[in-house]
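Residue strings, one per chain:
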Amino acid sequence: MERNMTSGNSMRLLVGFMVPLIIGNIFQQMYSISDVVIVGRTIGVNALAAVGAAAPLFMLFVMMTMGLSNGFTVLVGQFYGAGDVQRMRHSVAMSTMLSFLAVIVLDIVVWLGVDPALHWMNVPAALYADCRAYTVIVAEGLWAMMAYNLLSSLLRALGDSKTPVVFLIIATVVNVFLALLFILEFHWGVPGSAYALVLAQGFSALLCVLYIGRKLPILHLRRADWHWDTRFAVEHLRIGLPMAVQFSVIGLGIILIQSVTNNFGAEVIAGFTAASRVEQLAIQPMASFGIAIAVFTAQNFGARQFRRIRGAVKKCSQIALGFALFMAVLIFFAGEHIVAIFVDPSETAVVAAARQYLHYSVAFYFFLSQIFIYRSTAQGLGVGWVPLVSSVLELAMRTGAAEILAIGRGWGFTGVCFASPIAWIAAATFTFCAYHGLMRVFEGQYRAGKI
């Protein structure tokens, strides 16, 4: 169902939009978490470590498809907020064509670069075959990932955050069923979890298509909507590519951290994998705040409602701060018990590594929560360079800290644990300052009649 956010109580609209997103993002994590639980519990630590070693490449795929789809649909949200249905439909068609081309390019890159990438990541020989198989299968299913991310982003751009969640929950159940079937009954091992993931994502995309076809005539495209307009394509790429690069930089940072962690053996890799999944459960609700404020900002920027944007960002920042504190306390005291879901508690070295990582990172969740708010607001304003620069800064600080502390100073895995908090502080400071500067510029241009 469509939702116009340019009028009415801002926080009521944001919270109503945000709650389904939080639920949906948690279930999004269930995709990878269910695979990790099933693999770790049924095949063993080495298989869990193989999935963990492949996870950064998988996350890179997710980040790139999410970045492109979120960037493209910023214009959809702005046109919808401005009431320009004709240009909105043309934007939907252009986003679809550009997404199709992006999947072709990404697949070619993966086919050419998977082996060099895995060698560069220091993947242990014992894990290499399973890690490569998982990566290639997920890459071949990028069409499903891109389709779901684009379609769900289109629905959210129109203010509908509930429908994608329902489909995601259904697909998560399908994923768990298929993973159990492929691993326990068909004995496909680690590749079985990858096949389950791709098929479940394809199913969620199909559900989105059927829903749009039956319930959203505003998104029913005509032949005229599909005409290629190079200038319009560039306008989408101007936002979509920086967002894709931004998300890719985040994914690359995860790869670099994983490459450092891979030096410390299968048990530490498995522990880091389990801890990362627990941390994602905390991060995804924070990311939901970001998605909500991006959609809100895009629609209200289209309607030139700058005061509503400022008020919503301030309140959303405060809510995110409270949530970050709650999650920090919860994970500090309960994180070890959650880790036990992934591996047998008798694997004490794995549990100890996971516990160490979580205890070092939770104190800095406040900074992470603010990154999502201010970076996403810049995205909604259509300013791609702010998210891009903040992501590059985050990458540089994270990888630099990991290399210097873990390897250079000989801190080992402890150095890896400090890398993310250092990066979060730097990126949060930059995005906070950039947001306030951008708002002053846009408000000044609006008063001068330039926008």
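Above this text you will find the structure in question.
The model shown is predicted, which means the values in this text are computed figures rather than measured ones.

Looking only at helices and strands, the protein features 14 helices and zero strands. Scanning the protein from its N terminus toward the C terminus, one meets helices and strands in the order α-α-α-α-α-α-α-α-α-α-α-α-α-α. Whereas a compact globule of 451 residues would reach a radius of gyration of roughly 22 Å, the protein reaches 21 Å, a difference of no more than 12%. Summarising its shape, the C-alpha atoms of the protein cover approximately 65 × 45 × 35 Å along the three principal directions. Sorting the 451 residues of the protein into buried and exposed places 60% on the buried side. In the protein, the proportion of contacts linking residues at least 24 apart, taken out of those at least 6 apart, comes to 84%. Counting every atom, the protein has about 17,600 Å² of accessible surface; 67% of that belongs to carbon and sulfur. Between the centroid of the 28 positive side chains of the protein and the centroid of its 20 negative side chains there is a distance of 17 Å.

Enumeration according to the criterion identifies six salt bridges in this entry. The closest approach of N and O atoms between Glu 235 and Arg 87, which form a salt bridge, is 3.9 Å. Remark: Arg 87 occurs in helix 3 (residues 85–120) and Glu 235 occurs in helix 8 (residues 230–261); sequence separation between them is 148 residues. The residue Arg 310 makes a salt bridge to Glu 443 at a minimum N-O spacing of 2.9 Å. With Arg 310 in helix 10 (residues 306–339) and Glu 443 in helix 14 (residues 413–447), this pair connects stretches of sequence that are 133 residues apart. A relative accessible area of 16% means that Glu 443 is categorised as buried. One continuous salt-bridge network, built from bridges that share partners, spans Arg 375, Glu 394 and Arg 398.

Here we take up a nonpolar patch on the surface. Nonpolar side chains collect at one region of the surface, where Phe 100, Leu 101, Ile 104, Ile 108, Trp 111, Leu 112 and Trp 228 lie side by side and expose about 790 Å² of accessible area between them. Looking at the secondary structure, you find Trp 111 in helix 3. Assessed through its relative accessible area of 53%, Trp 111 is described here as exposed.

The next subject is the packing of aromatic side chains. Throughout the structure, instances matching the rule amount to 20 aromatic pairs. Consider the rings of Phe 366 and Phe 367, whose centres lie 5.1 Å apart with planes at 65°: the pair is edge-to-face. Its relative accessible area of 35% is what places Phe 366 among the partly exposed residues. In textbook terms, an aromatic cluster arises when at least three aromatic residues are bridged by ring pairs, as seen for Phe 182, Phe 186, Trp 188 and Tyr 195. Positioned above the aromatic ring of Phe 301, the side-chain terminus of Arg 304 is 4.6 Å from the ring centre.

The next subject is helix 12 (residues 365–380). Between the first and last C-alpha of helix 12 there are 23 Å, a value that for 16 residues agrees with the 22 Å anticipated at 1.5 Å per step. Most of helix 12 sits out of view: 14 of its 16 residues are buried. Phi for Gly 382, located one or two positions after helix 12, is positive at around 85°.

Within the fold, Thr 431 resides in helix 14. Other than its neighbours up to four places away in sequence, Thr 431 contacts Gln 370, Ile 371, Tyr 374, Arg 375 and Ser 390.

Next up on the list: the packing of helix 4 (residues 125–140) against helix 5 (residues 142–157). Viewed as axis vectors pointing N to C, helix 4 and helix 5 meet at an angle of 50°, and their least axial separation amounts to 4 Å. For the element pair helix 4 / helix 5, the angle class is oblique. Contacts from Val 138, Ala 139 and Glu 140 of helix 4 reach helix 5 at Leu 142, Trp 143 and Met 145. In terms of residue class, the contact of helix 4 with helix 5 is built from five nonpolar, no polar and one charged.

Here we take up the side chain of Gln 78. Mapping Gln 78 onto the fold places it in helix 2 (residues 45–82). Taking the relative accessible area as the measure of exposure, Gln 78 reaches 13% and is therefore buried. Only 3.3 Å separates the side chain of Gln 78 from the backbone oxygen of Gly 380, close enough to count as a polar contact.

It is the contact of helix 6 (residues 162–185) with helix 7 (residues 190–215), at a shortest axis distance of 8 Å, that shows an interaxial angle of 150°. Classified by the angle their axes make, helix 6 and helix 7 are roughly antiparallel. Helix 7 is crossed by helix 6, and the crossing has right-handed handedness. Contacts between helix 6 and helix 7 involve Thr 163, Phe 167, Ile 170, Ala 171, Val 174, Asn 175, Leu 178, Ala 179, Phe 182 and Ile 183 from the former and Gly 192, Ser 193, Tyr 195, Ala 196, Leu 197, Leu 199, Ala 200, Phe 203, Ser 204, Leu 207, Cys 208 and Tyr 211 from the latter. Here the residues of the contact of helix 6 with helix 7 sort into 17 nonpolar, five polar and no charged.

Peptide bonds are trans in most cases, and residues, glycine excluded, mostly fall at negative phi. A positive phi is found at His 187, a non-glycine position, where the angle reads about 55°. Relative to the elements of secondary structure, His 187 occurs in the loop between helix 6 and helix 7. Residue His 187 is classed as exposed on the basis of its relative accessible area, which comes to 64%.

Conventions adopted
Residues numbered from 1 in each chain as written. Predicted model: local features only at pLDDT ≥ 70, side-chain atom pairs only at ≥ 80, totals over all residues. Heavy atoms only, no water. Helix = DSSP H or I, 4+ residues; strand = E, 2+ residues; numbered from the N terminus. Rg over C-alpha atoms; globule rule 2.2 N^0.38 Å. Buried < 20%, exposed > 50% of the residue type's maximum accessible area, 1.4 Å probe, protein only. Contact = heavy atoms within 4.5 Å. Areas by Shrake-Rupley, 256 points an atom, 1.4 Å probe, with all protein chains shown as cover. Lys, Arg positive; Asp, Glu negative; His and termini not counted. Charge placed at Lys NZ, Arg CZ, Asp CG, Glu CD. Salt bridge = Lys/Arg side-chain N within 4 Å of Asp/Glu carboxyl O. Patch = residues over 30% accessible without salt bridge, like charges linked within 9 Å, V, L, I, M, F, W, Y side chains within 5 Å. Phe/Tyr/Trp six-rings, centres within 6.5 Å; stacked < 30°, edge-to-face > 60°. Lys NZ or Arg CZ within 6 Å of the ring centre and 35° of its normal. Expected span 1.5 Å × (residues − 1). Axes fitted to C-alpha atoms, helices over the stretch in contact; angles between N-to-C directions. Parallel < 35°, antiparallel > 145°, perpendicular 65-115°, else oblique. Nonpolar A, V, L, I, M, F, W, Y, C, P; charged D, E, K, R; others polar. Polar contact = N/O pair within 3.5 Å; in protein donor to acceptor, adjacent residues only side chain to side chain. Left-handed = near helix turned anticlockwise from the far one by under 90°.

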